[in-house]
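What follows is the residue order along each chain.
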Amino acid sequence: MPLLERDRDLSLLAAALDDAMTGQGRVALVSGEAGIGKTSLISHFIAQSGKAARVLTGYCDSLFTPTPLAPLHDIAHELGGRLLAQLERDAPRAHLFATMLDILRDPAQPTLLVFEDIHWADEATLDLLKYLGRRIAQTRSLLILSYRPDEIGARHPLHLLLGDLASSRATLRLALRRLTLAAVRDLVGSREVDAALLHRQTAGNPFFLTEVLSANGHGIPDSVNDSVQARLARLNPSARHVLETAAIYGSRMGQARLEVICGAAAEDIDAAMRSGLLEMAGQEIIFRHELVRDAILAALAPGQLRELCRRILAAMRASGIDRVDLAQMAHLAEGAQDAEAVLAYGPDAAKAAAAVGAHRAAAAQYKRTFAFAQAQPPAQRARLLDSYAEQCAIIDNLGEAIAARRQAIGLWREAGDPLQEGATLSNLAWPLVRSGQNAAAEDASRQAITLLEALPPTRELAAACRMQAHLRMLDRDKAPAVHWGKRAIELATRFEDRRTLASAELVVGAAMLVSGDDNGLPHYNRSVALARADGMDDLVGLAFLNLGSSYGELYQFDKAEALLREGIAYAEDCDLDHSNNYMSAWLALTLLYKGLWDEAGDHATAVVNCPNFSLVSKVMALVALGRLRVRRGDPGIDAVLDEALDLARQTNTLQRLAPVHAARAEAAWFAGDKPRAAAEATAAYELAMSHRHQWHVGEFTYWRRRAGEDVSPPRWCAKPFALQIAGDWKGAAAAWRDLKCPYEEARALADGDGSAQLSALDIFDRLGAAPAAALLRQRLRETGTRRIPRGPRATTLGNPHGLTSREMGVLDCLACGLSNGQIGIKLHISPKTVDHHVSAILAKLAVKTRAEAAAHALAGGLVGQNREVPMPK
């Protein structure tokens, strides 16, 4: 079938390859429904332009539990050399990813790298693509990724990759459209077929068109299934057996292997090939389209499917099994309802998947295996559940992780194994605390320690002590956290458990530092040294996260900013998204206090809009965004602070509740609602007092006094708050100035004499703190002060939606229909920054799409208003 109506797509791909050849690597996302012609487009492009570059192709298969990194195995077998050697010796995936990147960076040989059907990709493959996509601009390569957008639900992991690539200038998106009636007429040619009817029945889908036209006058089938079944009916039984066996085996296979697993003669395979349902792709036999394979599988009766799986399983066992076959063997064993085989291959397939980071596939393998393990002893079932829970916790399926751990605890008890029962109880605390069930986590952790302490010392007890220390640290209980942490250190050292040792050192260091005790630094440094020496990147990221946020919580914002920026760079380099998001949220808060409000807003908005966020990251980002809106007088304050409170209540910890209630107290005070301000400042006051948290207690006392309550701060209250509460506005202003908190400094000066108030007004105006400035101007007028500065232009203050001048500039571009890339070029900012501004505009205008924002701007005259405002440089 000729390639019709794809000239523009081919030209864009050619231009992207030209860019790559000059050292500006690109990613092309080719999307469209099944049968739209993604593979045909890519094949034509390779035929036209592929000689200019080395072509490498990896395929993702339609399997419930795909083989981890299967496309990388395809590519490694094409290349041979270092990548193949690393795969064969199970090298860490970080080494595999780095080797693949080195191949793309080869200055002597540009590369055209294709990954087909990534909507079926395993988690490790998606991680590889994210890793390569973030670095593709530094290569001479074009990475083409094809996928079906209509087959990925809202929570499909592919969305994370697409979201990650969306903000990159290196990304090209090609959404293939159905063929027009004119193209259908060209295809029909001289055949006696009603082109208009054919176009209506096939909706212009190229694969369906091909199926109909290949019927050669047998009429238009109602579906692909009808067409495929008609072709199967015309085959002899042996050839049909080849097709059915091939469909169960997978999307592609070598002819020799097909002969072995079918037990068929070469002429039967030739007959199957002549049916047009199979074709050759290089050295492999593939189905002409995945829809064909689906139709064959759908027509198999359950008994027939089971028998075919059994035969293929036996044939593969007889011919020898590679490591990459494990997932396939487990799949066939399940299809054959062979419990012994599932128990043999499922756990190994799961371990292989987990080893390369394909944790969803690993969890699916453990779940499949457990379903066939009901006749096994309790200890074996418990072990499977523990492994399943571990994988579920990694992929944030916390409900499943908790349920599996609880079931495993019962089985360990039934097996009479208190050591493993205690270990599982301790491990249960982790998904519980991450899902906000802190009280249940405490209960599980204490039960674990009680059980394990009744036994001789073990490494399991070391891990349980580390977990208890972590819970105490999260609750800001310094002394108990240090006690349990040091016990974990002693035990982990005795049993040479370096991961527990590094984790315990980090917890002790964090618990001390967040309490203002610099003696925690040696523990922190030992933890980082151990983690770096053993390649524990996640622990290194966690160390940056803990120390940076600890300094932020102590108002040491210079130290916090330096550590958080270094940590974010490290997390980006190692693809540690959770650490990256939490540190970005804390960086937003840090920049807010330092008066860098535009950048603070960018970081907070990016985290809030991130599809893959953790609860704690979002709470802190919402606090930063809420406080920024309060201080600027922007709309949407209640929405973000209500959501922050809902999330913080799930944790019921001081660490989350205190920042949220403090922000809400400030918002209520500016809204003129003093009773609500007092209530918010009181909500977590006793909790903060019980933990002797000098900064939270200081701020809560400050707002309660502002709301009219007669409450005194404790003597250990943070100095700037204590000075201001005591009426020493000058001392408080100096203390805030030393901490580089201009807004808080101005707030203290506003309590001073006329000269100090004018200084405060100048700071408020420079920050853009419109509500505080307006209140202070009113007080100055009431006291008869003359020559009060007028402040920012009325056009800026008068924006009815609180849009900044930069946001107005972006809105103007939206109204002109510009893309993010075009807006970035026009305003000299990155597409990622444009994306942040667009998100802020949508929130402030209370609309859902760019088109709605543009329509709102035009209808409300906002665009005209913007053209009167000079664009900031």
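Now for a quick tour of the structure. Quick caveat: nothing in here was measured; it's all calculated off a predicted structure. Position labels on residues start from 1 in each chain and follow its written sequence. The predicted origin of the model limits local features to residues at a pLDDT of at least 70 and limits the giving and counting of side-chain atom pairs to 80 or more, whereas totals for whole chains, interfaces and linings rest on all residues. Only heavy atoms go into the side-chain values, all of them from the structure, while hydrogens and water stay out.

Focus on the overall build of the protein chain
Right, on to step 1. Numbered from the N terminus, helices here are DSSP runs of H or I no shorter than four residues, and strands are runs of E no shorter than two. Within the protein chain, the regular secondary structure consists of 48 helices and 8 strands.
Right, on to step 2. Here the globule rule reads 2.2 Å times residues to the power 0.38, and the radius of gyration is calculated from C-alpha atoms. What you see for the protein chain is a C-alpha radius of gyration of 32 Å, in line with the 29 Å of a compact globule of 873 residues.
Right, on to step 3. Seen along its three principal axes, the alpha-carbon backbone of the protein chain occupies a region of about 100 × 75 × 50 Å.
Right, on to step 4. Three exposure classes are used, based on accessible area relative to the maximum for each residue type with a 1.4 Å probe and protein chains only: buried under 20%, partly exposed in between, and exposed over 50%. Classification of the 873 residues of the protein chain by burial places 56% in the buried group.
Right, on to step 5. Methods summary: accessible areas were calculated by the Shrake-Rupley approach with a probe of 1.4 Å, and residue burial reflects only the protein chains presented. Of the roughly 36600 Å² of accessible surface on the protein chain, a fraction of 51% belongs to carbon and sulfur atoms.

Thoughts on the side chain of His 693
Right, on to step 1. One can find His 693 in the loop between α36 (685-690) and α37 (694-706).
Right, on to step 2. By relative accessible area, His 693 is classed as buried at 7%.
Right, on to step 3. Throughout this description, a polar contact denotes any pair of N or O atoms lying within 3.5 Å of each other; where both atoms belong to protein, one of them has to be capable of donating a hydrogen while the other can accept it, and for residues adjacent in sequence the pair is counted only when both atoms sit in side chains. Here Glu 553 takes part through its side chain, which lies 2.8 Å from a polar atom of the side chain of His 693.
Right, on to step 4. Contact criterion: two residues are considered in contact whenever any of their non-hydrogen atoms come within 4.5 Å of each other. Look past the residues within four positions of His 693 in its chain and what remains in contact with it is Glu 553, Leu 654, Ala 688 and Trp 716.

Focus on the sheet that holds strand β7 (residues 278-281)
Right, on to step 1. Should DSSP find at least two bridges between two strands, the strands are taken to pair. Pairing is antiparallel across the open sheet formed by 3 strands, whose spatial order is β6-β8-β7. The outermost strands of the open sheet, each flanked by one partner alone, are β6 (252-254) and β7. Averaged over neighbouring strand pairs, the angle between their axes works out to 35° when direction is ignored. Note on geometry: axes are lines fitted to C-alpha atoms, helical ones only across the stretch in contact, with angles between N-to-C directions running from 0 to 180 degrees.

So, the packing of helix α19 (residues 359-371) against helix α20 (residues 378-394)
Right, on to step 1. At a minimum axis distance of 9 Å, the contact between α19 and α20 shows a crossing angle of 155°. In terms of orientation, α19 and α20 fall into the roughly antiparallel class. At the point where α19 passes α20, the crossing takes the left-handed sense. Residues His 359, Ala 362, Ala 363, Tyr 366, Lys 367, Thr 369 and Phe 370 of α19 pack against Arg 381, Leu 384, Leu 385, Ser 387, Tyr 388, Gln 391, Cys 392 and Ile 394 of α20. An angle below 35 degrees is treated as roughly parallel, one above 145 as roughly antiparallel, one from 65 to 115 as roughly perpendicular, and anything else as oblique. Here a crossing is taken to be left-handed if its near helix is turned anticlockwise relative to the far helix by less than a right angle, and right-handed if that turn runs clockwise.

Let's talk about helix α18 (residues 339-355)
Right, on to step 1. The span expected for a helix works out to 1.5 Å for each residue beyond the first. Here α18 spans 24 Å end to end across 17 residues, near enough to the 24 Å set by a 1.5 Å rise per residue.
Right, on to step 2. When α18 is considered as a whole, its buried residues turn out to be Ala 341, Val 342, Leu 343, Tyr 345, Gly 346, Pro 347, Ala 349, Ala 350, Ala 352 and Ala 353.
Right, on to step 3. In this fold, the buried residues of α18 make contact with α16 (302-319), α17 (326-335), α19 and α20.
Right, on to step 4. After α18 finishes, the residue Gly 357 shows a positive phi value of roughly 90°.

Structural notes on the pattern of salt bridges
Right, on to step 1. Only one rule defines a salt bridge in this text: a Lys or Arg side-chain nitrogen within 4 Å of an Asp or Glu carboxyl oxygen. As enumerated under the stated definition, the model contains 41 salt bridges in all.
Right, on to step 2. Residue Arg 777 pairs with Asp 765 through a salt bridge whose shortest N-O separation is 2.6 Å. With Arg 777 in helix α42 (residues 770-782) and Asp 765 in helix α41 (residues 754-767), this pair connects stretches of sequence that are 12 residues apart.
Right, on to step 3. A relative accessible area of 19% places Asp 765 in the buried class.
Right, on to step 4. Beyond isolated ion pairs, a larger network of salt bridges with shared partners links Asp 558, Glu 561, Arg 565, Lys 594, Glu 599 and Lys 740.

Thoughts on the sheet that holds strand β3 (residues 111-116)
Right, on to step 1. Taken in spatial order, the 5 strands make up an open sheet running β2-β3-β4-β1-β5, and their pairing is parallel. At either end of the open sheet lies a strand with only one pairing partner, and these are β2 (54-59) and β5 (171-175). Taken over all neighbouring pairs, the strand axes of this sheet differ in orientation by 15° on average, direction set aside.
Right, on to step 2. As paired strands, β2 and β3 are joined by 6 bridges and run parallel to one another. Note on β3: the bridge partner recorded for Val 55 is Leu 112.
Right, on to step 3. Here helix α3 (residues 70-79) sits on the sheet and contacts β2 and β3; the angle it forms with β2, its principal contact strand, is near 145°.
Right, on to step 4. Each of β1 (26-31), β3 and β4 (141-147) touches helix α6 (residues 123-135); the most contacted strand, β3, lies at about 150° to it.

Interpretation note: all reported values are geometric properties and have no functional meaning in isolation.
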